[in-house]
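# Observations on the three-dimensional arrangement
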Amino acid sequence: MKGFDIHRTDRRLAASIQQKIDNLNKPLGALGRLEELAMQVCLIQQTLNPSLAHPCHLLFGGDHGIEREGVSVSPREVTWQQMINFTKGGGGVNMFCRQHGFKLKVVDVGVDFDFTGIAGIINRKIAYGTKNFRYEAAMTEEQFDRAIQVGSDLVDDCVAGGCRLVCIGEMGIANTSASSIWMHLLGVTPLKECVGAGAGLDEKGIRHKCEVLAEAVANYQTAFPQPSAFAALRYFGGFEMIAAIGAMLRAAELHLIILIDGFIMTACALAAIRLYPEVRDYMIFTHCGDEYAHQSMLNIIGANPLLHLALRLGEGTGALCAFPIIDSAVRMMNEMGDFDSAKVTKYF
């Protein structure tokens, strides 16, 4: 995997940021989490006057070999059908991107479909889906590296357009299975506590999913008696998930704000943090969804999400819903007057 030069945010400006926040025309601490967000955004951008200019939403698509094992109620063709739907503007992600002014980039990293001739999908296909990780590694090391590079390159494209904030989403039937195993291995959590209904499995379906994933983990541990985070990511990940990790790492390297959405993207964030702990400073965890174990994974990271809307759509929709809150924190820093300009007595 290519190396990334990621550093913790420089906190030497923190005292000046806090002084500006405390001198805004309001009671001390009265804007609560908006003040925390403002501090984080200002530290990421190293300024007292932050900007959310030209926000981009990267939506990576890929299929998973493990889908063949009946671990999802949705068939794999839903992946390519939804990808085409996104090009027509009909998805939830399209609506929220339009609402909040995000430039949407729909990227095929590994969907099991030929999109030739279909406008609106960026072709970065590595393969027509991953291998079935019940029996073998989902991807080769070379494919893993290519997926990381896809995510990194897409962030570079966003930055070339002036982007200061990236939101990342996914489309890939059965990617909750990979996410659950990453949570199990990287979060040191019993597997049964990591597995949920995904797109809508019933209790019998969840039991079957647990059995399949337990067998896959056992086979992995035999193949890798001394496992690493890298090995776990390559063995179980989807191309769209690895691309998302590459995007997160490159975005942190370039000091961008990174919005983290639901269960799958939180699993990708956990993976990115295991590879480069410094990336955590650049992430805003926006939403706790309705997928079982999402809150537990957020707890592992130590993240306090902005919203609890019980969403389980994916696509990055929860993060997009949270964007106005972050925008309010930035507007607070740039537009709100202080006690002197308002000619109000500072009483603390």
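It should be noted that the structure appears before, not after, this text.
Reading guide: rules and limits
- Residues numbered from 1 in each chain as written.
- Predicted model: local features only at pLDDT ≥ 70, side-chain atom pairs only at ≥ 80, totals over all residues.
- Heavy atoms only, no water.
- Helix = DSSP H or I, 4+ residues; strand = E, 2+ residues; numbered from the N terminus.
- Expected span 1.5 Å × (residues − 1).
- Buried < 20%, exposed > 50% of the residue type's maximum accessible area, 1.4 Å probe, protein only.
- Contact = heavy atoms within 4.5 Å.
- Polar contact = N/O pair within 3.5 Å; in protein donor to acceptor, adjacent residues only side chain to side chain.
- Patch = residues over 30% accessible without salt bridge, like charges linked within 9 Å, V, L, I, M, F, W, Y side chains within 5 Å.
- Areas by Shrake-Rupley, 256 points an atom, 1.4 Å probe, with all protein chains shown as cover.
- Salt bridge = Lys/Arg side-chain N within 4 Å of Asp/Glu carboxyl O.
- Pairing = 2+ DSSP bridges.
- Axes fitted to C-alpha atoms, helices over the stretch in contact; angles between N-to-C directions.
- Parallel < 35°, antiparallel > 145°, perpendicular 65-115°, else oblique.
- Nonpolar A, V, L, I, M, F, W, Y, C, P; charged D, E, K, R; others polar.

A word on helix α7 (residues 203-223). Across its 21 residues, α7 extends 30 Å between first and last C-alpha, which sits within 8% of the 30 Å expected from 1.5 Å per residue. For α7, the complete set of buried residues consists of G205, K209, C210, V212, L213, A216, V217 and Y220. Lining the buried residues of α7 we find α6 (175-186) and α8 (229-236). The N-terminus of α7 is capped by D202, whose side-chain oxygen sits 3.3 Å from the backbone nitrogen of K204.

Looking now at a nonpolar patch on the surface. Residues L28, Y347 and F348 make up a contiguous nonpolar surface patch of roughly 350 Å² in combined accessible area. Within the secondary structure layout, Y347 lies in the segment after α13 (339-342). With relative accessibility at 56%, the residue Y347 sits in the exposed group.

The next point concerns the sheet that holds strand β6 (residues 283-285). Judged by pairing direction, the sheet is parallel, and its six strands sit side by side in the order β3-β2-β1-β4-β5-β6 without closing on themselves. Taken across any chain shown, the strands that pair with only one partner, and hence form the sheet edges, are β3 (121-123) and β6. Ignoring strand direction, the axes of neighbouring strands in this sheet form an average angle of 30 degrees. Pairing geometry for strand β5 (residues 257-260) and β6, over three bridges, is parallel.

So, on to unusual backbone geometry. For H54, which is not glycine, the phi dihedral falls at a positive 50 degrees. Secondary-structure assignment places H54 in the loop between α2 (32-45) and β1 (56-62). A positive phi is found at V188, a non-glycine position, where the angle reads about 50 degrees. As for its placement among the helices and strands, V188 is situated in the loop between α6 and α7. Accessibility expressed as a relative area gives 72% for V188, which makes it exposed.

Two elements in contact, α6 and helix α9 (residues 239-253), have axes whose closest approach is 10 Å; the angle formed by their N-to-C orientations is 55 degrees. What the angle tells us is that α6 and α9 run oblique. Here N175, A178, S179 and W182 of α6 lie close against α9, whose contacting residues are E240, M241, I242 and I245. Considered class by class, the residues forming the contact of α6 with α9 number five nonpolar, two polar and one charged.

Let us look at the side chain of S179. With respect to the helices and strands, S179 occurs in helix α6. The buried category is assigned to S179, whose relative accessible area is 0%. Polar contacts involving the side chain of S179 include one to the main-chain carbonyl oxygen of N175, which spans 2.9 Å. Excluding residues within four positions of it along the chain, S179 makes contact with M241, F263, I264 and A267.

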